[in-house]
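What follows is each chain in one-letter form.
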Amino acid sequence: MPVEEVCDGVSAEDDANPGLDVPFLLEECVKEKVPWKEVLKRKVGKKCSCSRARVKALLVDSIPIVKWLPRYHFKDWIIGDAMSGLIVAILLVPQSIAYSLLAEQDPIYGLYTSFFASIIYALLGTSRHISVGMFGVLCLLVGQVVDRELTLAGYTSDTNQTIMGNLDNSTGLICDRSCYAIMVGATLTFTAGVYQVLMGLLQVGFVSVFLSDSLLSGFATGASLTILTSQMKYFLGLHLPRVQGWGSLIKTWICLLKNLGHTNVCDLITSGICLLVLVPAKELNNRFKAKLKAPIPFELFVVIAATLASHFGKFKETYGSDVAGNIPTGFMPPQLPNWSLIPNIAVDAFSIAIVGFAITVSLSEMFAKKHGYMVDPNQEMYAIGFCNIIPSFFHCFTTSAALTKTLVKESTGCQTQVSGLVTALVLLLALLVIAPLFYSLQKGVLAVIIVVNLRGALRKFVDIPKMWRVNRVDSIIWLVTMSTSALVNTELGLLVGVLVSAFCVLGRTQSAQVLQLGQAGDRELFEDIGFYKGLQTQPGVAVFRYEAPIYYANQTLFKKSLYRSVGLDPLKEKARRRKLEKQRNQKQGGEDLKQEIEVSTNVYLLQHTSLHTLVIDCSPVLFLDTAGVNALIEVCKDYKELGVNVLLAQCNISVIDSLRRGGYYDPKKGTKEIKFHTVGDAISYAQSLKSKNGDCDTVV
């Protein structure tokens, strides 16, 4: 039940029992119970109140540009924003055309996607630096779904054939292959955007914390291998269908090797030359980025040179090279999603929504932390959701934040999302004027641009030894996620990565051990005697620590580890006693057996110095469930039957509350609630219960 707290202060030590050391006690705050109806009424009233201030606050929170644009420092920021927006747009033109190829779409749709995403995120996003547009992994996922639906609809080749049975629901017109492909892509994008907005409404932005850096990195690297493989057919100038299903990477390479004899030499030579130019050029940009005011747009230079060479050399007519083809200018009329396709792509859209959100939030938080401002994960969910919903009506496909372009944007002086609006203006110019000039651009050149931008993800293979040395668990998560994404299935790789991460966290609680603690001199410092030298143990009192929560999955392991560390398993000891007692009753003249029982009873006392109290340091125990409380009750009961008291020290508030609710403190059974805020208090109390003489044992 909800409570309100009223603090009353701190109590003094209780000296009511002379001779008994009473630990220092903190008086708890008095908690006044508040009816749940009252709490619900307050929350509903706060959320549903309608006032001018409330409407203004809601508007500012929903459309962040309304808040920061009036405070824009025009003289100080406009040059940096304009420069970064222009540079990003120059990079986006060739990349938008290239990534359209990966998503199984015509080039014009990539330009549409980048244009609308830049505007919408500038209005709704909370990050000042990230660049939203096409991301290779998402384009791959979209392309896989589009290719699958095209095959199911009867489009079996890359040609723009028309299937009489496929109709555009919004216009009733017959769709060719290109029309149906963007219909599938837009419907998939709309559904993913709806998922993201719903997650924002449900305030589940926190889910991003469950996608670790190692998981996302492994997923991106595995997907990069798949992207690299999918682009090889354009390198070689081969007309091959995209392989669907599990193990597509291996199947694709087998298909490529079988068709090497049909390689288009012109496409191969052009792709090789562009690759030899772009890779060193990109490395030069990275090496001298501190000295360069802006990265040199080598991709644009390569695209212009390759387009001119293809046009004047007539590569398509003479050598049969596959080119980008006609790229129209202007905008097409809006189109509704194909509602009948949603059941087919709903599951795919969910995985795309999760990946897009995770990438966007990770990048926005990373750059916000770097530059000292805050981002709202739930608002980021809204922003990226509407970056997918609204453009889906204008022949666009899925977008998210893109690391490469974000780094360029940051390094070229970006201050706010005004740079995104500048990028949109330049892209608008390309849509209205420049786009048709890329008609003769070979698809092999576009494939080179895609592959060159995978360098960052593929370089992770070089870092595997270092990752293994730093953290083996993260390395295992990375390797499993990468391998599954690449060799089995891209979407499955993300799911497997999440499951492996969860099992690794669970496994860490399973592998926790009970440690025996010793005291460092007279200080209130207790550490593992197996790790540090010179620690002292108190006579008659043993201190142990369990460095994990105690819950249903590890409560048995906790008890086994504790019994093993103490050196006495109460259950085995009691079973041994019962067995010997039974044998004594069955035989006459059991003097020897009596002696054996006494030896068994005192076996622990012979190994240790008259242990009478066991102190468990609960400071690392974050929580207890019912099974964990019952485990502690059993430990306390079992040791009490052997004459050993069990005391819990340094329990947090959650653990104390669980112990109370679970019946650990039961005055009827002689278990009084005594809290020890330090291990030293517990030891002093134990020694006052049964004082022992002698020096401390020192562990060397």
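Being a predicted model, the structure only gives us computed values, none of them experimental. Sequence positions are assigned chain by chain, starting from 1 and proceeding in written order. In keeping with the model being predicted, local features are shown solely for residues with a pLDDT of at least 70 and side-chain atom pairs are shown and tallied solely at 80 or more, while totals for entire chains, interfaces and linings include all residues. Here the side-chain values reflect all heavy atoms present in the structure, with hydrogen atoms and water set aside.

Side note on the packing of aromatic side chains
The description of an aromatic ring pair uses the distance of the two centres, along with the angle that the planes make with each other.
Thought 1: Stacked, tilted and edge-to-face pairs are distinguished by plane angle, under 30 degrees for stacked and over 60 for edge-to-face with tilted covering the rest, among Phe, Tyr and Trp rings (Trp via its six-membered ring) whose centres lie within 6.5 Å. Scanning the model with the defined rule gives 20 aromatic pairs in all.
Thought 2: For the ring pair F190 and F393, a centre distance of 5.8 Å and an interplane angle of 80 degrees mean the geometry is edge-to-face. Of this pair, F190 sits in helix 7 (residues 177-201) while F393 sits in the loop between helix 14 (377-392) and strand 6 (400-401); the two residues are 203 residues apart in sequence, bridging distant segments of the chain.
Thought 3: The buried label applies to any residue whose accessible area, calculated with a 1.4 Å probe on protein chains only, is under 20% of its type's maximum; exposed applies above 50%, and partly exposed to all values in between. Among the residues examined, F393 registers a relative accessible area of 23% and is labelled partly exposed. Elements are defined by DSSP. Helices are runs of H or I of four residues or more, strands are runs of E of two residues or more, and each kind is numbered from the N terminus.

Let's talk about unusual backbone geometry
Thought 1: The backbone of H395 sits at a positive phi, close to 65 degrees, despite the residue not being glycine.
Thought 2: Note on placement: H395 falls in the loop between helix 14 and strand 6.
Thought 3: In this structure, Q650 takes a positive phi of about 60 degrees despite not being glycine.
Thought 4: Checked against the element boundaries, Q650 lands in the loop between strand 12 (645-649) and helix 27 (653-661).

Concerning the confidence of the model for the protein chain
Regions with low pLDDT carry predicted coordinates that are not meant to be interpreted in detail.
Thought 1: For every residue, the predictor states its confidence as a pLDDT score lying anywhere from 0 to 100. The share of residues in the protein chain with pLDDT of 70 or more is 87%, and the mean pLDDT across the chain is 81.
Thought 2: For the protein chain, strand 13 (residues 697-699) is the element with the lowest average pLDDT, namely 36, and helix 5 (residues 107-124) is the one with the highest, namely 92.
Thought 3: The contact criterion used is simple: two residues touch if any of their non-hydrogen atoms lie within 4.5 Å. With pLDDT under 50 throughout, residues 1-16 is counted as low confidence; its partners more than four residues away or in other chains account for 33 contacts.

Topic: the pattern of salt bridges
Thought 1: Any carboxyl oxygen of Asp or Glu that lies within 4 Å of a side-chain nitrogen of Lys or Arg is treated as forming a salt bridge with it. All told, the structure shown has 13 salt bridges when counted by the stated rule.
Thought 2: In this structure, E149 and R148 form a salt bridge, with 3.2 Å as the shortest nitrogen-oxygen distance.
Thought 3: Residue classification places R148 among the partly exposed positions, given a relative accessible area of 25%.
Thought 4: Measuring nitrogen to oxygen at the nearest pair gives 3.2 Å for the salt bridge that ties E299 to K282. Remark: K282 occurs in helix 10 (residues 265-287) and E299 occurs in helix 11 (residues 298-313); sequence separation between them is 17 residues.

Things to note about helix 14
Thought 1: Working rule for helices: expected span equals 1.5 Å times residues minus one. End to end, helix 14 covers 23 Å across 16 residues, agreeing with the expected 22 Å (1.5 Å per residue, within 8%).
Thought 2: In terms of burial, helix 14 is a largely internal element, 13 of the 16 residues being buried.

Structural notes on the side chain of S230
Thought 1: The residue S230 is located in helix 8 (residues 213-236) in this model.
Thought 2: A distance of 2.7 Å separates the side chain of S230 from the backbone oxygen of I227, its partner in a polar contact. Within 3.5 Å is the distance limit for a polar contact, defined as a pair of N or O atoms, with the added protein rule that one can donate a hydrogen and the other accept it, and that residues adjacent in sequence qualify only through two side-chain atoms.

Some thoughts on the environment of V433
Thought 1: One can find V433 in helix 16 (residues 418-434).
Thought 2: Remark: the alpha-carbon pair of V433 and T329, spanning 104 residues in sequence, is separated by 6.6 Å.

Focus on the packing of helix 8 against helix 17 (residues 443-452)
Thought 1: Only C-alpha atoms enter the line fits that serve as axes; for helices the fit covers just the stretch in contact. Angles between N-to-C directions range over 0 to 180 degrees. The contact between helix 8 and helix 17 brings their axes to 8 Å, and the two run at 155 degrees. Overall, the two elements helix 8 and helix 17 adopt an arrangement that is roughly antiparallel. The way helix 8 lies across helix 17 gives a crossing that is left-handed. Between helix 8 and helix 17, the contacting residues are I227, L228, Q231, Y234 and F235 on the first element and K443, G444, A447, V448, I450 and V451 on the second.
Thought 2: Note on residue categories: nonpolar means Ala, Val, Leu, Ile, Met, Phe, Trp, Tyr, Cys or Pro, charged means Asp, Glu, Lys or Arg, and polar means any other residue, Gly included. Considered class by class, the residues forming the contact of helix 8 with helix 17 number eight nonpolar, two polar and one charged. Angles below 35 degrees are treated as roughly parallel, those above 145 as roughly antiparallel, those between 65 and 115 as roughly perpendicular, and all remaining angles as oblique. Helix crossings get a hand from a simple test, with the near helix turned counterclockwise from the far one by less than a right angle marking a left-handed crossing and a clockwise turn marking a right-handed one.

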